[in-house]
Amino acid sequence: MPDARTTSPSKRWFKQNGRPTSEFTEARDQLNDWCSWFAREGNQALFREKFLFLGDRYLDRPLEPQYVLIYGRESEFKVGGGHGNPNALRYKRDQQRGGNETFMTFDALRPRYDHSRSMTLTMTSQGPELFAFSPVYGTSAFVGAGALLLGDPDGALARSAMMSEARRTYLSKRWRYWQDHTRKSTDPNERYVRSIGVE
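Residues numbered from 1 in each chain as written. Predicted model: local features only at pLDDT ≥ 70, side-chain atom pairs only at ≥ 80, totals over all residues. Heavy atoms only, no water.

**Details of the pairing of strand 2 (residues 101–104)**
What counts, and what does not: Throughout, exposure labels follow a simple rule: accessible area from a 1.4 Å probe, protein chains only, divided by the maximum for the residue type, with under 20% read as buried, over 50% as exposed, and the rest as partly exposed. Segments assigned H or I by DSSP are reported as helices when at least four residues long, segments assigned E as strands when at least two residues long, and all are numbered from the N terminus. Strands were regarded as paired on the criterion that DSSP finds at least two bridges between them. We call a crossover right-handed when, viewed with both strands directed away from the observer, the connection leading from the first strand over the helix to the second proceeds clockwise.
Here strand 2 shows one buried face, formed by Glu 101 and Phe 103, and one open face, formed by Thr 102 and Met 104. Alignment of strand 1 (residues 67–70) against strand 2, held across four bridges, turns out to be parallel. Bridge assignment links Val 68 to a residue of strand 2, and that residue is Thr 102. Handedness of the crossover joining strand 1 and strand 2 through helix 3 (residues 86–94) is recorded here as right-handed.

**Brief notes about the pattern of salt bridges**
Using the following cut-off: The term salt bridge refers to a pairing of a side-chain nitrogen on Lys or Arg with a carboxyl oxygen on Asp or Glu at a separation within 4 Å.
In this structure the tally under the stated criterion is nine salt bridges. A salt bridge links Glu 101 to Arg 28, with the shortest nitrogen-to-oxygen separation between them at 2.9 Å. With Glu 101 in strand 2 and Arg 28 in helix 1 (residues 22–39), the pair connects residues that are 73 residues apart, well separated along the chain. For Glu 101, a relative accessible area of 10% gives the class buried. The buried category is assigned to Arg 28, whose relative accessible area is 14%. Among the ionic pairs, Asp 154 bridges to Arg 176, the shortest N-O distance being 3.2 Å. Taken as a pair, Asp 154 in helix 5 (residues 154–159) and Arg 176 in helix 6 (residues 165–184) lie far apart in primary sequence, 22 residues in all. Here Arg 176 falls in the partly exposed class, since its relative accessible area comes to 29%. Salt bridges sharing common partners tie together Arg 93, Asp 94 and Arg 97.

**Some words on the packing of aromatic side chains**
Cut-off, in case you're wondering: Between 30 and 60 degrees the pair is tilted, below 30 it is stacked and above 60 it is edge-to-face, where a pair is any two Phe, Tyr or Trp rings, Trp via its six-membered ring, whose centres lie within 6.5 Å.
The full count for this structure, using the stated rule, is 17 aromatic pairs. Judged by centre distance (6.4 Å) and plane angle (85°), the ring pair of Phe 14 and Phe 77 falls under edge-to-face. Taken together, the positions of Phe 14 in the segment before helix 1 and Phe 77 in the loop between strand 1 and helix 3 put the pair 63 residues apart, joining distant regions of the chain. For Phe 14, a relative accessible area of 1% gives the class buried. For the pair Phe 38 and Tyr 67, a centre-to-centre distance of 6.3 Å together with 65° between the ring planes defines the contact as edge-to-face. Of this pair, Phe 38 sits in helix 1 while Tyr 67 sits in strand 1, and the two are 29 residues apart along the sequence. Residue classification places Phe 38 among the buried positions, given a relative accessible area of 8%. A residue is classified by how much of its surface remains accessible, and Tyr 67, at 7% relative accessible area, is buried.

**Things to note about the nonpolar core**
For clarity, the threshold we go by: Side-chain atoms within 4.5 Å are what join buried Ala, Val, Leu, Ile, Met, Phe, Trp, Tyr and Cys residues into a set we call a nonpolar core. By definition in these notes, contact holds between two residues if any of their heavy atoms fall within 4.5 Å.
One finds Trp 13, Phe 24, Phe 38, Leu 69, Tyr 71 and Phe 103 to be the most contacted residues of the largest nonpolar core, which totals 15 residues. Of all elements in the fold, only helix 1 and strand 1 reach the threshold of two or more residues within this core. Counting residues per element, this core draws most heavily on helix 1, which supplies six residues. Setting aside anything within four residues of it in sequence, one finds Phe 103 in contact with Trp 13, Phe 24, Arg 28, Leu 31, Leu 69, Arg 93, Gln 96 and Arg 97.

**Side note on unusual backbone geometry**
The backbone of Met 162 shows a phi angle near 55°, a positive value even though the residue is not glycine. You can see Met 162 is positioned in the loop between helix 5 and helix 6.

**Looking at helix 3**
Short version of the rule: Think of the arc as the fan of directions from the helix axis to the C-beta atoms.
Taken residue by residue, helix 3 has Pro 86, Leu 89 and Arg 93 as its buried positions. Down the axis of helix 3, the sector holding all buried residues measures 60°, keeping them to one side. What points out from helix 3, more than 90 degrees from its buried face, is the exposed set Asn 87 and Tyr 91.

So far we have only geometry, and geometry alone does not tell us how the molecule works.
Okay, here's the thing in structure tokens:
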């Protein structure tokens, strides 16, 4: 699969003359690498097999990749950011996006409370493993099947940034509660009420 390289927040989108910097051009080309990878025969099936581990019920649905480039700072497109007409350059930048692409600056990277069910996974030869949780992660009855598949959450919770020790302990207990609940709910006739929201 293509290499997902990181870039420095201090790199600029455009030179003073309004031409794209070579760093931006190189970063933008990473999206082309991913797009061409997905376009090759067999790679979408490989992606489904490796990463959509709970997605068997969606095999008949089209896979529509969305590509995100996180680059530079928002200040470059404000007065004092080094350009005579920053709004024109913002427009020029945005016109280079494909229909399935998003450009963001590093300033946009902040906790989002609509990511209360987000986590980062690492793919291994044995399958997916938990790496870390979103700092606003919360459990609910809907995590049961995934929690059973992913196993022990404690290593990932220890790596999770911006989370208190009390919150880690609480999430670990609730994760295990929903694992046990799912194990016991094997009877298809058993009915139970699913909680609304996250804990």
